[in-house]
Structures are given as C-alpha cells and as structure tokens.
Amino acid sequence: MSRLLKSLLGGVALISLAACATTTGDAGPKMMAEEEGPMIEPWGYPLDAFDPTTRPGDDFFQYANGGWLAATEIPSDRSGTGFSVIMQERNEARIAEIIADLSTSDVAAGSEGQKIRDFYNDFMDVAAIEAKGLDPIAEDVARIRAAKTHEDIARLMADPSLGLPSPIAIYVTIDSKSPSDYVMGATHSGIGMPDRSYYLRESERLDETRAAYKEHLARMLELLGEDNSAKRAAAVFDLETAIAERHWTRAERRNADLTYNRMTIAELEAMAPGMPWEAALDTLGLPSEGDIVVREKSAFPSLAALYAETPVAVWRDYLLANYISSNAAFLPDYVYQANFEFFGKALNGQEEPRDREKRGIALVNGRLDQAVGKEYIDRYFPEESKVLMTEMFEDIRSALSVRIDNLTWMTDATKVKAQEKLAAMTAKIAYPEKWQDYSELDIVSGDLFGNIKRHRVWSQAESNNRLGTKVDKREWFTAPQTVNAFYSPNRNEAFIPAGYIQSPLFDPKADAAINYGAIGSIVGHEIGHGFDDQGSKYDAQGFLQSWWTEEDRAAFDALGDKFAAQFDEYEPLPGLHVNGRQTLGENIGDLAGVLVAYHAYKEHLNGEESPVLDGFTGEQRVFLGRAQARRFKRTEESLRQRLLSAPHSPMYLRVNGMVRNIDEWYDAFDVQPGDELYLPPEERVKIW
Ligand SMILES: [Zn+2]
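The structure displayed is predicted, hence computed values, not measured ones.

### Observations regarding the overall build of the protein chain
Then, in step 1: Helix and strand counts for the protein chain stand at 29 helices and 9 strands.
Then, in step 2: A globule of 688 residues ought to have a C-alpha radius of gyration of about 26 Å, and the protein chain, at 25 Å, matches this closely.
Then, in step 3: In the protein chain, which comprises 688 residues, the proportion classed as buried is 61%.
Then, in step 4: Contacts in the protein chain between residues at least 24 apart in sequence constitute 75% of all its contacts with a sequence separation of at least 6.
Then, in step 5: Looking at the protein chain as shown, the accessible area adds up to about 26,000 Å², and 49% of this sits on carbon and sulfur atoms.
Then, in step 6: Computing the positive centroid from 73 side-chain charges and the negative centroid from 109, the protein chain places the two 3 Å apart.

### So, the coordination of the zinc ion
Then, in step 1: Only His525 (NE2), His529 (NE2) and Glu586 (OE) from the protein coordinate the zinc ion, and they sit 2.0 to 2.1 Å from it.
Then, in step 2: Each donor residue of the zinc ion belongs to the same chain, with the gaps between them written as H-x3-H-x56-E. Of this pair, His529 sits in helix H23 (residues 512–529) while Glu586 sits in helix H25 (residues 584–605), and the two are 57 residues apart along the sequence.

### Things to note about a negative patch on the surface
Then, in step 1: On the surface, Glu351, Glu352, Asp355 and Glu357 cluster together into a negatively charged patch.
Then, in step 2: Tracing the backbone shows Asp355 in the loop between helix H17 (333–348) and helix H18 (356–367).

### Quick notes on the sheet that holds strand E8 (residues 493–497)
Then, in step 1: As summarised here, the arrangement of the 3 strands in space is E6-E8-E7, forming an open sheet in which the pairing is mixed. A strand with exactly one partner marks an edge of an open sheet, and here the two such strands are strand E6 (426–430) and strand E7 (486–488). Going from strand to strand, the sheet's axes swing by 15° on average, the running direction of each strand aside.
Then, in step 2: Note: E6 against E8, 5 bridges, orientation parallel. Note that in E8 the partner of Lys428 across the bridge is Phe495.
Then, in step 3: The sheet strands contacting helix H20 (residues 383–406) are E6 and E8, and the helix crosses E6 at an angle near 150°.

### Some remarks on the environment of Asp614
Then, in step 1: Within the element layout of this structure, Asp614 appears in the loop between H25 and helix H26 (618–629).
Then, in step 2: Along the sequence, Asp614 and Pro42 sit 572 residues apart, while their C-alpha atoms lie 8.9 Å from each other.
Then, in step 3: Discounting chain neighbours no more than four positions away, the residues touching Asp614 are Pro42, Trp43 and Leu47.
Then, in step 4: In this structure the side chain of Asp614 is engaged in a polar contact, spanning 2.7 Å, whose partner is the side chain of Trp43.

### Observations regarding the packing of helix H24 (residues 550–568) against H25
Then, in step 1: Packing of H24 against H25 brings their axes to within 10 Å, and their N-to-C directions diverge by 100°. By the angle between their directions, the pair H24 and H25 is classed as roughly perpendicular. Mapping the contact onto sequence places Phe556, Gly560, Phe563, Ala564 and Phe567 in H24 and Leu584, Asn587, Ile588 and Leu591 in H25.
Then, in step 2: Split into classes, the residues belonging to the contact of H24 with H25 amount to 7 nonpolar, 2 polar and no charged.

### A closer look at the domain arrangement of the protein chain
Then, in step 1: What the domain assignment reports for the protein chain is domain 1 (90–96 + 368–683) and domain 2 (151–330).
Then, in step 2: Listed as interface residues are 37 residues of domain 1 and, on the opposing side, 36 residues of domain 2.
Then, in step 3: A buried area of about 3,400 Å², summed over both sides, lies between domain 1 and domain 2, and 57% of it is on carbon and sulfur atoms.
Then, in step 4: Area buried by domain 1 at its contact with domain 2 is led by Arg456, Leu467 and Leu544, which between them contribute 19% of it.
Then, in step 5: Across the contact surface, domain 1 and domain 2 share 5 salt bridges.

### Comments concerning helix H22 (residues 448–464)
The periodicity of an α-helix, 3.6 residues per turn, causes residues three or four positions apart to be oriented the same way.
Then, in step 1: With 17 residues, H22 should reach 24 Å at 1.5 Å per residue; the first-to-last C-alpha distance of 24 Å fits that figure.
Then, in step 2: Among the 17 residues that make up H22, 13 are buried, leaving the element largely enclosed by the rest of the structure.

### Regarding the pairing of E8
Then, in step 1: The element E8 is extensively covered by neighbouring structure, given that 5 of its 5 residues are classed as buried.
Then, in step 2: Here E7 pairs with E8 via 3 bridges, running antiparallel. Counted as the bridge partner of Ser488 is Glu493 from E8.
Then, in step 3: Counting the residues in the hairpin turn of E7 and E8 gives 4 residues, including Asn492, whose phi is positive at 45°.

Conventions used here
Residues numbered from 1 in each chain as written. Predicted model: local features only at pLDDT ≥ 70, side-chain atom pairs only at ≥ 80, totals over all residues. Heavy atoms only, no water. Helix = DSSP H or I, 4+ residues; strand = E, 2+ residues; numbered from the N terminus. Rg over C-alpha atoms; globule rule 2.2 N^0.38 Å. Buried < 20%, exposed > 50% of the residue type's maximum accessible area, 1.4 Å probe, protein only. Contact = heavy atoms within 4.5 Å. Areas by Shrake-Rupley, 256 points an atom, 1.4 Å probe, with all protein chains shown as cover. Lys, Arg positive; Asp, Glu negative; His and termini not counted. Charge placed at Lys NZ, Arg CZ, Asp CG, Glu CD. Donors = N, O, S within 2.8 Å, 3.2 Å for Na, K, Ca; no water. Patch = residues over 30% accessible without salt bridge, like charges linked within 9 Å, V, L, I, M, F, W, Y side chains within 5 Å. Salt bridge = Lys/Arg side-chain N within 4 Å of Asp/Glu carboxyl O. Pairing = 2+ DSSP bridges. Axes fitted to C-alpha atoms, helices over the stretch in contact; angles between N-to-C directions. Polar contact = N/O pair within 3.5 Å; in protein donor to acceptor, adjacent residues only side chain to side chain. Parallel < 35°, antiparallel > 145°, perpendicular 65-115°, else oblique. Nonpolar A, V, L, I, M, F, W, Y, C, P; charged D, E, K, R; others polar. Domains from an automatic or database assignment. Buried area = accessible area lost by both parts, 1.4 Å probe. Expected span 1.5 Å × (residues − 1).

Structure, rendered in structure tokens:
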C-alpha cells in the first residue's frame, strides 16, 4: 500500500491488504526451527532460479530470476505471482488453521474468536447467501432510489453503513503540521477505475477497458432491475469522466506541500459551494465546525460545482451501480461473477476468481486484521526472528548514518538534522505492543450483510473518535501478518510487520548476505522513505517543516530530477513509460535500501572475508538477495494498471534500475562498458 495513503489515513485502518491463493501446506518458521538448513536450499537462494544464458551486466533481473520466470505460470485466479504470493499463501494456510481451530473449540460470545469464526462461517454459508438473493440489500437500494435532492445524495454518500463513493471523501487523519494531533481531512475521490488516466489517456487498450467499464456499469444497473441501462450507464460513465478530469495526477498528489491546505469548514464552504458539506459531515458523525486539511485544493471548487450541476437522477444511478458492485462479494454468485468480469478479468487479467475459502480468509484477515494477527503471532512467529530483525534494523540505521556523514553534496548543517531524524526514527518490528480493541464491534451469526454494515459503522466511529485525542504512538495502523512494510512520515516510524519477516525475504537459517540483500534492502527502503523527495520534508518529530538549507535542498532536488529522468526513459509496455515523478519516492527508497543493505552486510562481516558459496561471493549474494526479494511476474493488464496508478516501478526495474547506479554492483559482477545496463560513472545517480 502506498505510504501516502497510509499516512493520509493516519491511524485508521480502512484498507485491507489481504490477498490470497491456493493452500500450500504450512512450513512456518516454528516448524523450520527444528530442521537443519534454510527453507530454500542451498543457502537461501535456489540455484535453478538463474538464467545462465543472460549475463548479469545485460539484465540482472533476468540473470538472477530467468530460470524461475521461465518455469513459473501465473495461476488462473491471480493477476501475478512471486515472492509476496509465497508468503501470502503460507499465511492463508495458517489463518485457515486458526479458523478451523476456532470452529471446533468453545469460544465465548463477544470474544474475538467468536467474531472471526462467525464472520467467516457466514461468508462460507453459500446456501444461505443464495437463498436470500438480493433481499439483504433491498432496503439500502430503496433508500438510494428514494433520493430526491442533492442533500439526500450527500447523506447517502456519507452514510458509513453503505460504503458508497463520493467525489470528495472526508476522514480523520494525523495533522502533518502538528503530528501529535488529529484533524479532519478531505481528498478527491469517486471514480470506479483505478486512476484518472483510465478515463482520459488516449490508448487503444484503454478504449477497450473503457468500453468494458461502461458495459459493467450497465450490467450492475440491470442486476437491480433498472431499465434503459445502457443509456443510464453512459451518463454515469460521463459523470465519472468529468470527476476524473478534475482530479490531480498521481505525481501532483504525492506532493506533501501542495496537499496541505488547512482551512475552516466555513472557508471550505465558501471556496467550494455546491457540495452540501454540513449534511455530509453530520451524516459522517463529524463536527460541522473546526479545521479541515484539504488535499487537492484547486480541484475542490470545480468538483463541488459538478456535484451541484449533475442531476439527482444521474447521481442515483451512479450510487446504484457502485453500491451493488462494491457489495458483490457478499451477494449471490451471479452478482459476484458479473462484477468479476470487469474488476477481475478486464482490469487485472485474472482468469477466474479465487476459491471462496480464500476470499473468506481475506475477508476476516482484512476486517478483523489485528484479531487474526494476535493469534498468528502466538502460533507462528518465533520471537527469535524479532530479535534478529531488530539487530539488523540497527545495523542498517548505522550504515545509513555513516553514508550521511560521507555525502559530498550535503553541508554539515543539514547533515546534523538528517542524523537527528535518523536517530529519532522508531522501528516497529513484527507486532504491536498495543492491539486494536474490537469490543464495540458486534458480529452476529447468520447475518453476513449486517456484519459488513456494522463493521463499516464501527470503523467510521473508531476513526471519528480519534478527533480531539492525542496520537497514540503505541498504535499500529497495519496488522502484524501483513505481507508488506511501511514508513509513516508523520510518526517518523518504519513498520516491518511479522508477515514480511519470513522466507524468501528473511530466514534465520539462510546465508546472511541473502537476508541483508532481501529484507535488509526493504528495511533500508522504509528508512529511506524518511529521506525521499517527500518524506524528507518532514522533520525528526514528524512535522511537515523543512530542516534543509536552501542550497542542500536544491542539490537534493537536482539528484531527484536526474533519477526521475532515468526512470522516465523505461518503457515496460509499448507506448507506456514509467512515470519518473510518480515513482520517485519509491525509487529513492529502493536505491538507498540496496546500498545501505550492502554496507550493513559488509559491516556485519566485521572485517572478515565473506565465504564463497557455490562460486558466489558475499557481495554478489547481497545483490542476488535483492533480486529474489523482487522476483515477480504479472499479467499485462496488471502491469498496465500499476504503471498508470502505482507509486512503485515494475519489479524488474526495482532491481535493474537500482543496481546500475551502484558502483559496488559493477565491482561484484565485473560489469563493463558495452554491457546493456552499464552506465558511465557520471550518469550513475548517488543520493544517500
Ligand atoms: Zn516504499
């Protein structure tokens, strides 16, 4: 998940990262501890992953992963597969075990175990779901159909139980200019496809996607028995296109300065008339007075005007189509399948849906994430891994500290501030000390749809309740079993959840160089986010406030420009380049991550020579560990979606695009002029 979105949501976990796959049988660290060697033979890296016909200097990703790429097919129920899927599948098997145990043991009413069990079992009760048909949504649909005024529409959009989209979303978030406090925030939103470019960009492939989306909207209206669906869907599509036209680009939305526009609600109403702000705030359960931080300020007046000038009938259709689509997972299978046609197949290139069991696991893993996580940690996460990761984190922090001291482009005054920030950064490793409280959430057996709605209302209240309180530093905004890692600029915290501290990223029995190259480069990446083009605008305490001299900032920005220009050149799909600006933060994090991991490994050797294993030096194995940690294969549709909307570069560039800027990689693999990835020293970008 994007750091931006996470920071935007502050302490509020609104998004599930859950993903799922076929069960593989568990071979977790606790079992592994009794075995002799690493999970991946012979030293944490499989020798059949290589492509011996490719030279490392020509295409390092292919050299290190080509054997695997050739032997691997993307499963028909997925849009991609690779390192993270291995971990997700292992986690799924574990969560299935947790659920199975809960189903056969006595759990107290109101306990977290009861909530997990009943939420899951109701989702699995296909007979009950099919028998109820569309009955569970009848009342909500009637409410949407009954809307007569723009204020009615605003109240529906803001009703947390409905989960409806809106051109402007309002929430509670950490105040970037006072990071121990919460504040209301507002951002533009309200499009069904992943990014504005899906509506606006000229491209034949996207023309097809747009045609498929229009059909999807019509299909959704038909499922609700609406007539004249094609024409009405076209009006909804035009409305979403008009919303998309007003949206900022992804690159603009990353800008921490441009997206901090604090004003009073009264000022917001004056700036953007036409949106029934008070009705929306009232329905959300938020105060209609006080301050709000508006993100894409220049878009708000025209979005509010669009809101007012669009007929209520079109808004009703927009809400109806989006309502059934976003609830399709909890309705009879024909509704789910109809929705999958677009969101699974057309948008992601996924051929068939996940098994229901996997979707059920994803549901509880997403909505009751820390309740599941507590069990997960108890059963599957060895404390030893937390100790080792904590040590590695400190190794990497000190490697970056040494690098900061040695930077030639930064003056001493800014170096002192950078060191302060690095030293103040909190490492949140494996699992939280304070867990999410679910006591206010009722999960009622036999009422799947009611549970979904109660969860939405509960989640909104949890978020609203933060307003006026102090940020609790012990809180985690993600679950420990999450297969990902994060950095929060407002908290100056790096999160490395237990879900990421497992093979192939980390294995206590694997060669240290592989671990440093894999999880080490990820730790370095998260720390590096504190020093990327946007993260570097926040100080040691998480205030959005510059600590740079002007001269140093200019030098840093020039390096960022050079790096962005390098990425703008890459063309992963014909006619579709990487957006160097949209991906700059992640790319700076990656470059810093691989470098500091390498130097932390050298430090870890303590002056000793690294052993040579199967002909590979320790220095080489660090880079191989990196290549393994980004080993992934996607459908073309999924790659396109990510190029247009994701902050990360494609995986092959998260390897090749980094190593070709790193002198140490040239030395390790004897890369020479004439090799495809070769860059003359003056063209290599060195930031941290
Ligand atoms: Zn990142």
